[in-house]
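Now for the letters of each chain:
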Amino acid sequence: QVQFVESGGDLVQPGGSLRLSCAASTSIFRLYTMGWFRQAPGKERELVAAITSGGSTNYADSVKGRFTISRDNAKTTVYLQMNNLKPEDTAVYYCNAVAVQSGTTMPRRYWGQGTQVTVSS
């Protein structure tokens, strides 16, 4: 069973930066779209950013110009560089990936366990 493991969440002051990482724990045969979602207390989970296997990206309007998503296919890892963080960015951030595990043929959607980002002075 593939697991995607996030890291990089922390407490940061407004205006600060963080870099989140998410890596597959086992061998992946093929990796498709990867993305980051977030869920704040009392709110629904929302898409933050996504990146296709070809490198095309899209972002939520609220993070455009501040966040950058990237990926390293060789390392089956996706990153989220977050700059100029605001208190409203506080949430649990989840990585998401569509992938085919080695030894199988069907693509599946996988979720990470989440990493907490808190923006506060």
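Every chain's residues receive numbers from 1 upward, in the order its sequence appears when written. Reporting in this predicted model follows two pLDDT cut-offs: at least 70 for local features of residues, and 80 or more for side-chain atom pairs to be given and counted; totals over whole chains, interfaces and linings ignore these cut-offs and use all residues. Side-chain measures were taken over the full set of non-hydrogen atoms in the model, leaving aside hydrogen atoms and water.

1. Side note on the packing of aromatic side chains
Using the following cut-off: Stacked, edge-to-face and tilted are the three classes for Phe, Tyr and Trp ring pairs, Trp counted by its six-membered ring, which pair at centre distances within 6.5 Å; planes under 30 degrees apart are stacked, over 60 edge-to-face, the rest tilted. Counting from the N terminus, the helices are the DSSP runs of H or I reaching at least four residues and the strands are the DSSP runs of E reaching at least two. Only protein chains enter the area calculation, which uses a 1.4 Å probe; residues under 20% of their type maximum are buried, those over 50% are exposed, and those in between are partly exposed. Counted as over-ring charges are cases with an Arg CZ or a Lys NZ within 6 Å of the ring centre that also lie within 35 degrees of the ring normal.
Counted by the stated rule, this structure contains two aromatic pairs. Consider the rings of Phe4 and Tyr110, whose centres lie 5.9 Å apart with planes at 45°: the pair is tilted. In this pair, Phe4 is assigned in strand β1 (residues 4-7) and Tyr110 in strand β10 (residues 108-111), connecting sequence segments 106 residues apart. In this structure Phe4 comes out as buried when scored by relative accessible area, which is 2%. Between Phe37 and Trp111 the ring centres are 4.9 Å apart and the planes differ by 65°, which places this aromatic pair in the edge-to-face class. Of this pair, Phe37 sits in strand β4 (residues 28-39) while Trp111 is found in strand β10, placing the two residues 74 residues apart along the sequence. Phe37 gets classed as buried once you look at its relative accessible area, which sits at 19%. Taking NZ or CZ as reference, Arg19 lies 4.0 Å from the ring centre of Tyr79, over its face.

2. Details of the state of the cysteines
Rules: For this text, the term disulfide refers to a pair of cysteine sulfurs within 2.5 Å.
Taken as a whole and assessed by the stated rule, the structure comprises one disulfide. Disulfide pairing is shown between Cys22 and Cys95; the S-S distance is 1.9 Å. Taken as a pair, Cys22 in strand β3 (residues 18-24) and Cys95 in strand β9 (residues 91-101) lie far apart in primary sequence, 73 residues in all. Both residues of the pair, Cys22 and Cys95, belong to the buried class.

Any link to function would need more than the numbers given here.
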